Amino acid sequence: MIRSRLTAQRLAFLFLLGCFFFNYPLLSVFNRGGDFFGMPPLYAWLMGSWLALIAQMAWVVESRGD
Amino acid sequence: MSHRILIVDDEPNIVISLEYLMKKEGFQVAVATDGETALQLASEFVPDLILLDVMMPKKSGFEVCQALRAAPELVATKIIMLTAKGRETEVTKGLALGADVYITKPFSTKDLVLQIKSLLG
Amino acid sequence: MLQSWVIVLASFFYLGILFAIAWYADRRADTGRSLIANPVVYSLSLGVYCTTWTFYGSVGRAAASGIGFLPIYLGPTLLFALAGFILHKMIRVAKANRITSIADFVASRYGKSQLLGGLVTVIAVVGVIPYIALQLKAVSNSFAILASYPDIIMPAKAGAVPIFQDSALYVAMILAAFTILFGTRHLDATERHEGMVAAIAVESMVKLAAFLAVGIFVVWGMHDGAGDIFAQAAAVPEVARRLTTADSPAAYGTWGTLIFLSLFASLLLPRQFQIAVVENVDESHLRRAVWMFPLYLFLINLFVLPVALAGMLHFPGAGVDADTFVLTLPMAHQQEGLALFVYIGGLSAATGMVIVETIALSTMVCNDLVMPALLRLPMLGLATRADLSGLLLEIRRWAIAVILGLGYLYFRVAGEAYALVSIGLISFAAVAQFAPVVIGGLFWKGGTRDGALAGLAGGFVLWAYTLLLPSFAKSGWLPDGFIAHGLFGIEFLRPQHLFGLTGLDEITHCLVWSLLVNLGAYIGVSLQRVPNLREARQATLFVGGAEAAGIPGWRGSAGVTDLLPLAGRFLGLERAHEAFARHARQRGLRGIEELPPDTRLVNFAETLLAGAIGSASARAMVASVVTEEPLGIDEVMNILDEASQVRAYTRELEQKSLELTRATAELREANARLQQLDRMKDDFISTVTHELRTPLTSIRAFSEMLQEDPKIDLAQRARFLGIIVSEAVRLSRLINQILDLAKLESGRAEWTVTAVDVAEVIREAAESLTVLFAEKHVALDLDACEDGLIVLADRDRLMQVMVNLLSNALKFVPADSGRVRVGLAALCVPEIPLRGQVTPQEVRVSVTDNGPGIQAEDQDVIFDKFRQGAGTADVLTDKPQGTGLGLPISRQIIEYFNGRLWVESTPGAGACFVFALPRQAGDNDASKSTGGVP
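Keep in mind that what you see is a predicted model, and the values were worked out from it rather than measured.

Examining the overall build of chain C
Helix and strand counts for chain C come out as 35 helices and 7 strands. The buried share of chain C, taken over its 934 residues, is 48%. Of the contacts made within chain C by residues no fewer than 6 positions apart, 81% connect residues no fewer than 24 positions apart.

A few points about the overall build of chain B
A count of helical and extended segments in chain B gives 5 helices and 5 strands. From first element to last, N terminus to C terminus, chain B shows the α and β order β-α-β-α-β-α-β-α-β-α. Put simply, of all contacts in chain B between residues at least 6 apart along the chain, 58% involve residues at least 24 apart.

Considering the interface of chain B and chain C
Counting residues at the interface gives 20 residues for chain B and 17 residues for chain C. A per-element tally of the side of chain B that touches chain C places helix H1 (residues 12-24) of chain B first, with 6 residues.

With respect to the nonpolar core
All names here are of chain C. Val106, Leu268 and Ala429 are the most contacted members of the largest nonpolar core, which has 238 residues in total. Top contributing element to this core by residue count: helix H17 (residues 336-376), with 22 residues. Setting aside residues up to four positions removed in sequence, Val106 forms contacts with Leu116, Gly117, Val120, Phe434, Val437, Val438, Gly441 and Ala452.

A few points about the interface of chain A and chain C
Taken together, the contact pairs 32 residues of chain A with 31 residues of chain C. Those elements giving two or more residues to the side of chain A that touches chain C turn out to be helix H1 (5-21), helix H2 (26-30) and helix H3 (41-62) of chain A. Split by residue class, the side of chain A that touches chain C holds 23 nonpolar, 7 polar and 2 charged.

Here's the deal with the packing of helix H9 (residues 194-222) of chain C against helix H14 (residues 285-301) of chain C
With their axes 9 Å apart at the nearest point, H9 of chain C and H14 of chain C run at an angle of 35° to one another. Counting all contacts with H9 of chain C, which are made through Leu208, Phe211 and Leu212 of chain C, the residues of H14 of chain C involved are Tyr296, Leu299 and Ile300 of chain C.

Digging into the sheet that holds strand S5 (residues 101-104) of chain B
Note on sheets: strands pair through backbone hydrogen bonds, and any given pair is parallel or antiparallel. All names here are of chain B. Reading across from one edge, S2-S1-S3-S4-S5 is the order of the 5 strands in this open sheet, with parallel pairing throughout. Two strands close off the open sheet at either side, each with one partner strand: strand S2 (28-32) and S5. Taking the axes of each pair of neighbouring strands and ignoring which way they run, one obtains an average angle of 20° across the sheet. Of the pairings in the sheet, the one linking strand S1 (residues 4-8) to S2 comprises 5 bridges and is parallel in character. Within S2, the position partnered with Ile5 by the bridge is Val29. On the sheet, helix H2 (residues 35-45) packs against S1, S2 and strand S3 (49-53) and is oriented at approximately 175° with respect to S1.

How each quantity is defined
Residues numbered from 1 in each chain as written. Chains lettered and ligands numbered in written order. Predicted model: local features only at pLDDT ≥ 70, side-chain atom pairs only at ≥ 80, totals over all residues. Helix = DSSP H or I, 4+ residues; strand = E, 2+ residues; numbered from the N terminus. Buried ≥ 20, exposed ≤ 12 C-beta atoms within 10 Å, placed from the backbone. Contact = placed C-beta atoms within 7 Å. Core = buried A, V, L, I, M, F, W, Y, C linked by C-beta atoms within 7 Å. Nonpolar A, V, L, I, M, F, W, Y, C, P; charged D, E, K, R; others polar. Axes fitted to C-alpha atoms, helices over the stretch in contact; angles between N-to-C directions. Pairing = 2+ DSSP bridges.

Quick look at the structure:
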């Protein structure tokens, strides 16, 4: 379960971060041609930041530090 | 020589009765029907004894009594307070102000005469 | 080799495996070794979110709009970031209250309202049916495509095929049968389906594996890695457009809308609620799911864009539907095995969705729609039937069949007009209508049943008008004129440009209007009143979290003998018996028979029943056996509402302290008055005594003198006797007046009130005093007294007043030169409206003398019987004839007739006593009226 209020708040922070990552205006920055390690920038950004967000969520709920 | 008596009362019928009584005993009698006249008459007439009512127009018996006692020429004058007010406090007040005897109305004429005679010795 | 029978066989084989897994999981659950009590299983089962829409549709959408498929999965990720606040709370609340569905959740939150549960059910069924249709369409299409192998032929349009040759019909029937076998084998008190969850978790693995397999094949089998696909795509202008997304405010708006929409859908879709909340075994599983479920979504979407791009490169032109690329790409490369695996993956996605969704919906239909209705029909006699558990299962089975039937109908009617994704979004928008009442219900105590009803109904109507009806119209099933021209030809009512709102895609447009109305109505209507007792209690349970669950829900009691049979009727006697025995053990009792008939037992029974038939119905059933103590609803409601309680308390305190202050002041005043009265009484007695003693003194003195002196001459004797007689008369008059006054004051005096002509009274009084006036040679002037002025009074009393005033005046005027004048007048006094008076007029009588007058400070005192005496010796003491009581008595009399008596005097210039009485319009008066009198 969500162990503490602190964990819940850290997750909520990630929620806000995600809202920022996945929306305008940040999105428009990557919405262009060209490539990024062989991938379209928008695709790379969304998949990359998404994975990073999931990793952080995992770290927040699984760490026993709090 | 007969004693002089000053009667002070505002009730005409009571004055009539007292005057009659005193004259019958052979005293010289003067009458006042209010406090101011009483003081005036007292200094002129210099009575040996004053029959003093308390409830009167212009000056109450208590005030008159106080003034009489302050007058040096009336030191020997006896004062009998005659009043319909019979409460303990009033009796005490009258005696404290210098009255010799305090008699409540209605009084016995016989007793009154006896009191007067004994006071005048 | 991929003949139809192979595919059919593979399908049934797969379904058979699923069924075996479910059966095994159920067995394990019954023996207490749950297979699904595992966070990974929970996370995987949440993958039911990914349906054929994801499996086939994402690629289709990516082919149409590039990355635009992704928001649907970013939303749930964000929801799980909020798990600590929303999901966690929902799970705890749902467990504490044995919530069985989203409809139950909403109904329970707003006071266990059956009406609300029914409305949510209707919205959910209507909203989700397109989504079920989508699964049917996907399965039947994939079957048709695969069956035509090695050719790649797009299936015929839905509805073009005769109904009995339509594979979608058979898919629907098979799925219905499978779901019925799966979900309604027995009735569980907790409405949890362990076997189903286990099967769903397996299906999630299958569809993920299938999709990853296609992705790997396409990226590395067909191409040289993702970079190769992207590079090839960039070279083809038509395909290269999909590498970016539309760069306009509207596009970003749509993007954000979809994230928001899918966030709520992943919580509020009946199947999501079922898996995430109802089927949750242990709330600690949520922790793992927070990242594992988003990771699942990430993996299943990883290859969507590459596959879509590869499909577009491989099938240029519009010959192959992009929704089928997942299947057609392996087919085009002769990968039969992979193609079959993909088909199974798709089937997996479809069955998972259909099973969970229809089970959730059938529970809702049964508990919140059918049962409440059936229980209300007395002719069915259900309320008294012994065992209803069989009936419940029957209802659910029929509900599953009907829901799938409706799904098939929608597929036939509207299925072709939209791509898979668009159909799904219609459902998303429908369940998004639950968001305000669910989220609001979790965090806001003020929401009421009426508010929830209004919000849901408003949102639902707008959703139907702006999204559902156009979908019918676009399929030609409804005339489409109203889309272009608005309802009744009113431009403002065009369903997809409501009130002239343009520039939005249809989903965003629908959400803007429906959620605006929904939220507005929910909050607005809720704020119309304070939540009632039941709503307030449920609000506390939901908003306050599980900690508040200790609040007793029932004020009454019922025994085991009532509750056990009741529970048995719905759960089966055996199960009910077991549950009660468990409850008894938990309470440390030896057996069921020891359970006391208390609130706790009732609550237990209600929660137990709620698991089977929903909270609203459970409440109704329990209410039928519980003798609840009468509740002062309004009263308790106020007590429950903290704010109003405090407010009321403060107000009461203020009022009380104000009352106290007032009472204290009154008491102090009363005390002072009493003390004064006491003093006055003392003075009065003293005065009366004095007044009595004075005549007595004379009488006694003269009597004694006469007695003692018999020789008094005759004239003297006669005089004395005369005095005695007159003093005796005075004494008796005094005594009479004292008694008179006492009578007046105590209110025991007798009054004979009649209309009295004042002038007559004046003349009579004057007549009685003529002799006295003549004796003193005082002139009495009555000339100003006109007849006809009427007052209401006691004639004799008025005479008494008049005589008193006249004799007073006579006493104080000088003999011979004395003059007394009596005046009489009627006065208009509009500024003094007298009680009971029609005419604002009063009659004034004045008695003026030319005596010495009265000092200003004594003008009040002379009317005061108590004050008169000691200090006022030079005031009127009316000796010898008077008693000093005449004026107080006169004033009492006049005031009794609502009049006033006062004196006006300048010392030295005489006195004028005046009394005024309200004028009575008498007969005489009317004839003499000058017209000025109203």
